[in-house]
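# Secondary and tertiary structure notes
So you can see what is in the structure, the chains are spelled out below.
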Amino acid sequence: MNDKDREFYTQHIRERLSDYRFKHSVNVSKEAVRLAIKYGGDVEKAELAGLLHDVMKDAGKKEQLALIEKYGVRLNEVEQNAPKLWHAIAGAVYVRKVLKIRDKDIVNAVRYHTTARAGMSLLEKIVYIADYTSEERDYKGVEKMRKAANVSLEYAMEEALAFGIEARAEDHTAIHPDTFEAYNEIMLAKKNKG
Ligand code: FE
Ligand code: FE
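Residues numbered from 1 in each chain as written. Chains lettered and ligands numbered in written order. Predicted model: local features only at pLDDT ≥ 70, side-chain atom pairs only at ≥ 80, totals over all residues. Heavy atoms only, no water.

## Thoughts on the overall build of the chain
Stated precisely, the cut-off is as follows: For helices the rule is a DSSP run of H or I covering at least 4 residues; for strands it is a run of E covering at least 2, with both sets numbered from the N terminus onward. This radius of gyration counts C-alpha atoms alone. The globule rule is 2.2 Å times how many residues there are, raised to the power 0.38. Whether a residue is buried, partly exposed or exposed follows from its accessible area with a 1.4 Å probe, protein chains only, as a fraction of its type maximum: under 20%, in between, or over 50%, in that order. Whether two residues touch is decided by their heavy atoms; if any such pair falls within 4.5 Å, the residues are in contact. Computed with a 1.4 Å probe, the accessible areas rest on the Shrake-Rupley method; for each residue, only the protein chains presented here act as cover. The charge count treats Lys and Arg as positive and Asp and Glu as negative. His and the chain ends do not count. By convention, the point assigned to a charge is CZ for Arg, NZ for Lys, CD for Glu and CG for Asp.
If you tally the helices and strands in the chain, you get 11 helices and 0 strands. Computed over the C-alpha atoms, the radius of gyration of the chain is 16 Å, within 12% of the 16 Å expected from 2.2 N^0.38 for a compact globule of 194 residues. Along the first, second and third principal axes, the C-alpha atoms of the chain reach 45 × 40 × 30 Å. Relative to its full complement of 194 residues, the chain shows a buried share of 48%. When contacts within the chain are restricted to residue pairs at least 6 apart in sequence, long-range pairs at least 24 apart make up 59% of them. Surface exposure of the chain reaches about 10,300 Å², of which carbon and sulfur atoms provide 51%. Side-chain charges of the chain comprise 33 positive and 32 negative groups, with the mean position of each set lying 2 Å from the other.

Okay, structure coming up:
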């Protein structure tokens with residue numbers, strides 16, 4: 001990303017996010033760049049997708065839902081009942097329709113950064129993992145996740161999906177079908193490899 005674009009998008013999220021979320025987004029962007037270099041991803045796209053992944057996070061549920069409805073995105077039953085997922089769906093719409101970023105891979109990296117999905121691209125995985133391993137993260141288990149991210153992206157996905165599903169089951173909250181599909185894809189591929 002050139003300096004002008006970096007400045008534009010950084011300023012853009014600065015105006016839309018809390019201090020905490022802004023810092024998080026910059027850190028996810030940095031971590032996504034690091035992972036892109038390590039795993040042969042597109043560094044520029046990783047930087048931008050990381051910066052924008054939570055662009056709608058602090059917008060409020062009403063604004064998120066309004067954007068989702070405005071562009072005719074239908075929410076499934078799990079999504080309707082999980083407002084935490086709306087920022088990713090609204091974020092993808094925002095990136096595509098408001099910021100007019102036409103790159104599908106960037107839009108999808110924002111869209112699937114919370115649920116994951118089967119058949120994720122390299123960029124989608126990079127952003128998904130960077131969101132777990134960014135510098136300011138300090139949840140219980142983050143060190144294990146950072147280690148996994150340095151072993152391989154596949155192994156990090158395995159750890160992150162298992163971690164996410166466990167946490168939701170622990171809370172007795174619904175799990176998105178895309179998350180199950182991502183999880184099953186990885187675990188079955190691993191089994192078939194022996
Ligand atoms: Fe998020
Ligand atoms: Fe995030």
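## Re the coordination of the iron ion (ligand 2)
Ideal values for angles at a metal depend on the geometry: 109.5 degrees with four tetrahedral donors, 90 or 180 degrees with six octahedral donors. In plain terms, the rule: Each metal site lists N, O and S donors within 2.8 Å (3.2 Å for Na, K and Ca). With water left out of the atoms, a site can look as if it is missing ligands.
At 2.2 to 2.3 Å from the iron ion (ligand 2) lie its protein donor atoms, namely His24 (NE2), His53 (NE2), Asp54 (OD) and Asp131 (OD). Here the iron ion (ligand 1) and the iron ion (ligand 2) are spaced 3.5 Å from one another, each receiving a donor from Asp54. The two residues His53 and Asp54 agree in class, both being buried.

## Notes on helix α10 (residues 153–171)
Worth spelling out the cut-off: A helix is expected to span 1.5 Å multiplied by its residue count minus one.
A rise of 1.5 Å per residue sets the reference length of α10, with its 19 residues, at 27 Å; its end C-alpha atoms lie 27 Å apart and thus fit the reference within 8%. Among all positions in α10, only Leu153, Ala156, Met157, Glu158, Glu159, Ala160, Leu161, Ala162, Gly164 and Ile165 are buried. Looking at the buried residues of α10, the elements they touch are α2 (19–39), α8 (122–133), α9 (142–151) and α11 (177–193). Directly after α10, the chain includes His172, whose backbone phi takes a positive value near 60 degrees.

These figures capture arrangement, not role.
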